[in-house]
Amino acid sequence: GIIGISVVSENNIDLNVFPNPAHDLVYVRFSTKATATVSLTLTDLSGRVIATQNNTCTSGINNIPVDTENLPAGIYFLRLDGKNVSATTKLVISR
């Protein structure tokens, strides 16, 4: 099965979400060139915002945990936004 999905955005940011499909917790992995604040936004297929999370990231590879324990099974989109960073990937929650 699929254990992760990696997306290269328009800004050449390698965004990896794993495990995918997920159950209770996923990790968002990406790399930045400098310390920055990033926003993670989880939306459903209709575009409704389910959750947002702000994190301060360091230069290099970052792993951000995202709690998915209370989400119903389904398909979601996870968007990462920050200074010079923008990418979106699909996340599947299975129960």
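The sections below set out a description of the structure shown in this document. Residue positions within a chain follow its written sequence, with the count starting from 1. Only residues with pLDDT of at least 70 get local features here, since the model is predicted, and only at 80 or more are side-chain atom pairs given and counted; chain-wide, interface and lining totals rely on the full set of residues. Water and hydrogen atoms were dropped before computing side-chain values, which therefore reflect all heavy atoms in the structure.

Considering the sheet that holds strand S5 (residues 49-57)
The condition is simple: Note: two strands are recorded as paired if DSSP finds a minimum of 2 bridges between them. Secondary structure counts use DSSP, requiring at least four H or I residues in a row for a helix and at least two E residues in a row for a strand, with both numbered from the N terminus. The convention used is that axes are lines fitted to C-alpha atoms, helices contributing only their stretch in contact, and that angles between N-to-C directions extend from 0 to 180 degrees.
Reading across from one edge, S5-S4-S7-S8 is the order of the 4 strands in this open sheet, with antiparallel pairing throughout. Strands at the two margins of the open sheet, each flanked by one partner only, are S5 and strand S8 (85-93). On average, each strand axis in the sheet is inclined to that of its neighbour by 20°, with strand direction left out of account. Two elements, strand S4 (residues 36-44) and S5, share 8 bridges in a ladder whose sense is antiparallel. Looking across to S5, one finds that Thr43 is bridged to Val49.

Comments concerning the environment of Ala34
We count it as follows: Working definition: with a 1.4 Å probe on protein chains only, accessible area under 20% of the residue-type maximum means buried, over 50% means exposed, and in between means partly exposed. The contact rule is simple, with two residues in contact once any of their heavy atoms fall within 4.5 Å.
Checked against the element boundaries, Ala34 lands in the loop between strand S3 (25-32) and S4. Looking at Ala34, the relative accessible area reads 43%, which means it is partly exposed. Aside from chain neighbours lying at most four places away, what touches Ala34 is Cys57, Thr58 and Ser59.

A short note on the side chain of Thr32
Counted only if it meets this: Whenever a nitrogen or oxygen atom comes within 3.5 Å of another N or O atom, the pair is scored as a polar contact, on the condition that within protein one atom can donate a hydrogen and the other can accept it, and that pairs from neighbouring residues in sequence are kept only if both atoms are in side chains.
Position of Thr32 relative to the elements: it lies in strand S3. For Thr32, a relative accessible area of 8% gives the class buried. Looking at Thr32, its side chain comes within polar contact range of the main-chain oxygen of Thr58, at 2.9 Å. Dropping the residues within four chain positions of it, Thr32 is found in contact with Thr58, Ser59, Gly60, Asn62 and Val85.

Examining the environment of Ile13
By secondary structure assignment, the location of Ile13 is in the loop between strand S1 (5-8) and strand S2 (14-18). Once the C-alpha coordinates of Ile13 and Thr32 are considered, the two residues, 19 residues apart in sequence, prove to be 7.9 Å apart.

Notes on a nonpolar patch on the surface
Convention followed: Only residues whose relative accessible area exceeds 30% and that take part in no salt bridge are eligible for patches, with like-charged residues grouped when within 9 Å of each other and nonpolar side chains (Val, Leu, Ile, Met, Phe, Trp, Tyr) grouped when within 5 Å. Note on areas: Shrake-Rupley, 1.4 Å probe, and residue coverage restricted to the protein chains presented here. Criterion for a salt bridge: a side-chain nitrogen of Lys or Arg within 4 Å of a carboxyl oxygen of Asp or Glu.
Together, Leu45, Ile75 and Phe77 make up an exposed nonpolar region whose accessible area comes to about 260 Å². With respect to the element layout, Ile75 can be found in strand S7 (residues 74-82).

A few points about the nonpolar core
Cut-off, in case you're wondering: Here the nonpolar core consists of buried residues drawn from Ala, Val, Leu, Ile, Met, Phe, Trp, Tyr and Cys, with membership extended through side-chain atoms lying within 4.5 Å.
If you look at the biggest cluster of nonpolar residues, it comprises 21 residues, and the most contacted ones within it are Val28, Phe30, Leu40, Ile64, Leu80 and Leu91. When contributions to this core are tallied by element, the ones reaching two or more residues are S2, S3, S4, strand S6 (60-67), S7 and S8. Top contributing element to this core by residue count: S8, with 4 residues.

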